[in-house]
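Below are the chains, spelled out letter by letter.
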Amino acid sequence: FSERHKELLLPSMPCHAKTNVMFLKTHKTASSTILNIMFRFAEKYNLTVALPAGQLLHLGYPQTFLTQFVEEFQAIGQNYNIMCNHLRFNPSEVQKVMPANTFYFSILRNPIPLLESSYAYYKDAVPAFWFSKDVNEYLASPTKYYHKVDNKRNIYARNIMWFDFGYDNNAGDSKRYIQAVLNEIEQNFHLILIAEYFDESMILLKHALCWDLDDVVYFKLNSRSQDTVQTLTPESEERIKVWCSLDWKLYLHFNHTFWRTIEKTIGLKDLEKEVNHLRTRQKELMKTCLSDQEAVGKDHIKNKALLPFQSGAANILGYNLRQDLDNRTLRTCQKMVMPELQYTSYLYSIQHPHKEKKQLGLPWQWTSFQEK
C-alpha cells in the first residue's frame, strides 16, 4: 500500500468532509455523472471551482493541462477547491492550481465496452473510425485505419485512458514502462474508482472524502440508448486487449487495488449494506423528481434546456422533471439532471458574473430558474 492509500485506512474517527478535491475526468467512463456530483457538492458548500477559461468548455483538452486554461488563475491563485472538468493530466501544473492537501481521484472503465462506446460517440470526429462500417470491422485491422499523423484526433481510438492520465497512448507496452506508469499514478492519486462498480465506487468515495450519502447520490448522466450499442464479437473483445494493451493493464491493476482497498477499509458486508442504502435513496429521488422514473431519448426530452450534448451515432439520454415541484425541490432536481455543459456554464456565470457567458448554442431559460 502506497502512502496515499494509508489515508483511507484510518480508523473510523469522526472525520471532516474534504473540500479540496481534484477529479481527473476520463472519457466514456461514467465521469459526467461524477462531474455532476462534484458540482452539486461545490454549490452546497459554496466552494470555488477551477472552471475552463473564456469560451473553453474543458481545461484545454486534448492539450496537456496548463494553468492558463483555468479562468482567473492569475487573480485567484491556489484558492480553488474543486477541479473536475476534462483535462489531460499534468501534475506539476495541476499542483499550482490546487492546494497542497487536495484529494486526487479518477475513474477507469473496462477498455472493451469503452472502445465500443468511443466508436459510437466519436465516429464522426475521429479519422481512424471514418472508413470502417462498424466497430468490429475497425478492430479486425485497426492499423489499416489508425494513422499516427492524425495522432491528436485519433486519441479516442486507442488507449484513451492512458492518454487522459498524461501518457503516450502509442507507447510500446514493455513491462518496465507499464510498471513505472502504474507506480506514478499511485503516487499522484489517492483513489481510482471503477465504472463497472459505480455504486460501490460512490460508497468508497463517500468514505474517502467523509461526505454524506446525499453528496454521492446521482442520476446516471450522458449515457446512451441501448439501440446504439454495437455487439462486439469475441474476436473483437480479444483484439481490444491487444490494441489497447496499455489501458487493459491499467484497468486490471486498478480493478485489483479497488477491491483490496474496499476489503481493508469498509469490508464487503458493510459495502453491500451501504450500496443498498444508496440505491434506495436514488429510487426515492427518482420518484420525487422525474415524471418518467427513468432516462429518456433525446427526442422525448421536453425541456430543451436540459438536453445533453449529442454526438456521433449515440442517442444521449436525458430526463423530464415532474411539473408539480415546489421551488426548492425543483432546484435540487434540476441540479441532478443538469447536463455537463449547461452546469459548467451555469457555475461559470455565477463565479464570474462580469465575464461573458459561455456560448453553448443552447437555450438559456434554465438560468432564470436560479433567479426565482
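The preceding data block contains the structure.
Keep in mind it's a predicted model, so treat the numbers as computed, not measured. Note on numbering: residues in each chain are counted from 1, in written sequence order. Predicted model: local features are reported for residues with pLDDT of at least 70 only, side-chain atom pairs are reported and counted for 80 or more only, and whole-chain, interface and lining totals are derived from all residues. Hydrogens are left out, water is left out, and the side-chain values use all remaining heavy atoms of the structure.

(A) Region of the structure containing the pairing of strand β1 (residues 21–24). Because side chains alternate across β1, one face comprises the buried residues Val21 and Phe23, and the other comprises Met22 and Leu24, equally buried. In this analysis, strands are considered paired if DSSP registers two or more bridges between them. Helix and strand labels come from DSSP, where a helix needs a run of H or I of at least four residues and a strand needs a run of E of at least two; each type is numbered from the N terminus. Bridge count between β1 and strand β2 (residues 82–83): 2 bridges; the pairing is parallel. Residue pairing in the sheet places Met22 in a bridge with Met83 of β2. With 4 bridges joining them, β1 and strand β3 (residues 103–108) adopt parallel strand pairing. By the bridge assignment for β3, Met22 is matched with Tyr104. Relative accessibility thresholds used throughout: buried, under 20% of the residue-type maximum; exposed, over 50%; partly exposed, between the two (1.4 Å probe, protein chains only).

(B) Seen up close, helix α11 (residues 198–209). End to end, α11 covers 16 Å across 12 residues, agreeing with the expected 16 Å (1.5 Å per residue, within 8%). In terms of residue burial, α11 counts as a mostly covered element, since 11 of its 12 residues are buried. Those residues of α11 that fall on the buried side of the exposure criterion are Phe198, Asp199, Glu200, Ser201, Met202, Ile203, Leu204, Leu205, Lys206, Ala208 and Leu209. Positive backbone phi, approximately 60 degrees, marks Cys210, located one or two places after α11. Expected span of a helix: the number of residues minus one, times 1.5 Å.

(C) Just the sheet that holds β1, in detail. Within the open sheet, the 4 strands sit side by side as β2-β1-β3-β4. Their pairing is parallel. In this open sheet, the two strands that pair with only one neighbour each are β2 and β4 (191–194). Packed on one face of the sheet, helix α14 (residues 245–265) meets β3 and β4 and runs near 100 degrees to β4. The contact criterion used throughout is that any non-hydrogen atoms of two residues lie within 4.5 Å. For every element, the axis is a line fit to its C-alpha atoms; helices are fit only across the contacting stretch, and the angle between N-to-C directions ranges from 0 to 180 degrees.

(D) Inspection of the packing of helix α5 (residues 111–122) against helix α13 (residues 234–243) at higher detail. Direction vectors running N to C along α5 and α13 enclose 95 degrees, while the axes themselves pass 9 Å from each other. As summarised for this structure, α5 and α13 are arranged roughly perpendicular, according to the angle between their axes. Where α5 approaches α13, its residues Pro111, Ile112 and Leu115 are matched on the opposing element by Glu237, Ile240 and Lys241. Ten residue types, Ala, Val, Leu, Ile, Met, Phe, Trp, Tyr, Cys and Pro, are classed as nonpolar, four, Asp, Glu, Lys and Arg, as charged, and the remainder, Gly among them, as polar. Partitioning the contact of α5 with α13 into residue classes produces 4 nonpolar, no polar and 2 charged. Working definition: roughly parallel below 35 degrees, roughly antiparallel above 145 degrees, roughly perpendicular at 65 to 115 degrees, and oblique for all remaining angles.

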